[in-house]
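Fold and contact review
If you want the building blocks of each chain, they are given just below.
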Amino acid sequence: METLRTGCQWFSVDDASATGSIRRAAVRLAQSLGFGEARTGEAAIVASEIAGNAWLHAPGGAVALQVALRDGVAGVRVVSSDDGPGMVDLDVSSTDGHSTTGTLGLGLGAIGRLSSVVDVSTQPGHGTVLVADLWPEQPAPERIDVAGLTRPIGGEEQCGDAVAGFESDGTHLLLVSDGLGHGALAAAASLEAVDAFHKAGITEPGALLTVLHQRLSGTRGAAAAVAAIDPDFSTVRFAGVGNISAFVDDGERRHALLSAPGIVGHRMAGVRTTELPLGAESVLVMHSDGVRETWDLRAVPGLGRRSSPVIAASVFRVAATRRDDASVVVVRTR
């Protein structure tokens, strides 16, 4: 069962017209997923309110739209990230009628009512990350909380990075691929990696990379890494080639999972699978070199306890660069 799908549509909230663009894009995404008219309208309201709040309180932020997956059901995910002043009291800010800008103050209340799931990380001086998911109907909760984000280098339409995930006989498999270079050819290499990842029928990360290496031989090649989380969520196995970083954060410190030198599809040797334990507070983060390793879950109070989409967007907010394609995958066990 697919748990993570690549692809995000990003919008800069740098003028008032961004709200309309984001609303229309949310409608198109909801319709493409088979949402009914009423639920599509609610997705439009949520996206518009999130974009409007970003413009009013923290212009210059960003909003992303993507497909969220839970229990095999596809939904609309709206991600908002900014470096604004943050909110001192989220409960008060979420109350209908509360406003700091002279408006009616209905935004956060409406977002909470209409969304299936909402999670927010906000602190004065640390900006705000908000994620709202909408499904046609409320799906069953999953044991694994996984999220991924990708964004192309500035000036490119296609992203050379890709992420993917699925569950096979209880094992949760995750992929991060960074196609060499940028643009269409890099994207083609990563999409080839995603296709091979889904079709290989293998759950051992090193063996999966070998399959990817064979499939990518006719492409530019890629840096790529695969993680496998066992059915009882006690361990993660990892194998990587190239500049893919991976860490398990246990709540006190980061434990690195190392990738081997090389290029999947062209030059790969000495790949081995390593293993780390997972605890109740563990967070697994994998990312391409478009995300600097300067992020720290403890830099924002309480971030390590937030949902994986909020953690992923927070890592992007502080560490992703626009001078390269960027991707991140975050996993928390429930």
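Residue numbers here run from 1 along each chain, matching the order of that chain's written sequence. Since the coordinates come from a predicted model, pLDDT governs what is reported: local features require at least 70, and pairs of side-chain atoms require 80 or more to be given and counted, while whole-chain, interface and lining totals use all residues. In computing side-chain properties, one takes all heavy atoms of the structure into account and sets aside hydrogens as well as water.

1. Observations concerning the overall build of the protein
Operational definition: Segments assigned H or I by DSSP are reported as helices when at least four residues long, segments assigned E as strands when at least two residues long, and all are numbered from the N terminus. The globule rule used for comparison is 2.2 Å times the number of residues to the exponent 0.38, while the radius of gyration itself is calculated over C-alpha atoms. Each residue gets one of three labels from its accessible area relative to the maximum for its type: buried under 20%, exposed over 50%, partly exposed in between, using a 1.4 Å probe on protein chains only. By definition in these notes, contact holds between two residues if any of their heavy atoms fall within 4.5 Å. Here the Shrake-Rupley method, with its probe set to 1.4 Å, supplies the accessible areas, and only the displayed protein chains count as covering residues.
For the protein, the helix and strand inventory stands at seven helices and 18 strands. Against the compact-globule benchmark of 20 Å for 334 residues, the protein has a radius of gyration of 19 Å, which places it among compact chains. Taking the principal axes of the C-alpha coordinates as reference, the protein spans close to 60 × 40 × 35 Å. The proportion of buried residues among the 334 residues of the protein is 55%. Sequence separation of 24 or more characterises 70% of the internal contacts of the protein that already satisfy a separation of 6 or more. By element, 50% of the accessible surface of the protein is carried by carbon and sulfur atoms, the whole surface being about 13,700 Å².

2. Brief notes about the packing of aromatic side chains
For any pair of aromatic rings, the description consists of the separation of the ring centres together with the inter-plane angle of the planes. Stated formally: Each aromatic pair joins two rings of Phe, Tyr and Trp (for Trp, the six-membered one) with centres within 6.5 Å, and gets the label stacked for planes under 30 degrees apart, edge-to-face for over 60, and tilted for any other angle. Distance and angle both matter: a charge sits over a ring if NZ of Lys or CZ of Arg is within 6 Å of the ring centre and within 35 degrees of the ring normal.
Under the definition given, this model contains three aromatic pairs. Consider the rings of Phe247 and Trp295, whose centres lie 5.7 Å apart with planes at 85°: the pair is edge-to-face. One end of the pair, Phe247, is in strand 12 (residues 245-249); the other, Trp295, is in the loop between strand 17 (283-287) and helix 7 (308-319), and 48 residues separate them in sequence. Trp295 shares its class with Phe247; the two are buried. Lying across the ring of Trp10, Arg151 places its NZ or CZ 5.5 Å from the centre.

3. Remarks on the environment of Val310
Summarising the element assignment, Val310 is placed in helix 7. The buried category is assigned to Val310, whose relative accessible area is 0%. Spatially, the C-alpha atoms of Val310 and Ala132 are 9.7 Å apart, while their sequence positions differ by 178 residues. In this view, Val310 contacts Asp119, Val120, Ser121, Val129, Val131 and Leu303; residues no more than four positions away in its chain are not counted.

4. Concerning helix 2 (residues 37-57)
Applied cut-off: How far a helix is expected to stretch is found by multiplying one less than its residue total by 1.5 Å.
Helix length check: helix 2, at 21 residues, gives a terminal C-alpha distance of 30 Å against a target of 30 Å (1.5 Å per residue), a fit within 8%. For helix 2, the full list of buried residues reads Arg39, Thr40, Ala43, Ala44, Val46, Ala47, Ile50, Ala51, Gly52, Asn53 and Ala54.

5. Section: the environment of Ala186
Mapped onto the secondary structure, Ala186 falls in helix 5 (residues 183-199). Sequence separation of Ala186 and Val318 is 132 residues, and the distance between their C-alpha atoms is 25 Å. If we ignore the near neighbours within four places in the chain, the residues touching Ala186 are Gly160, Gly179, Leu180, Gly181 and Arg220.

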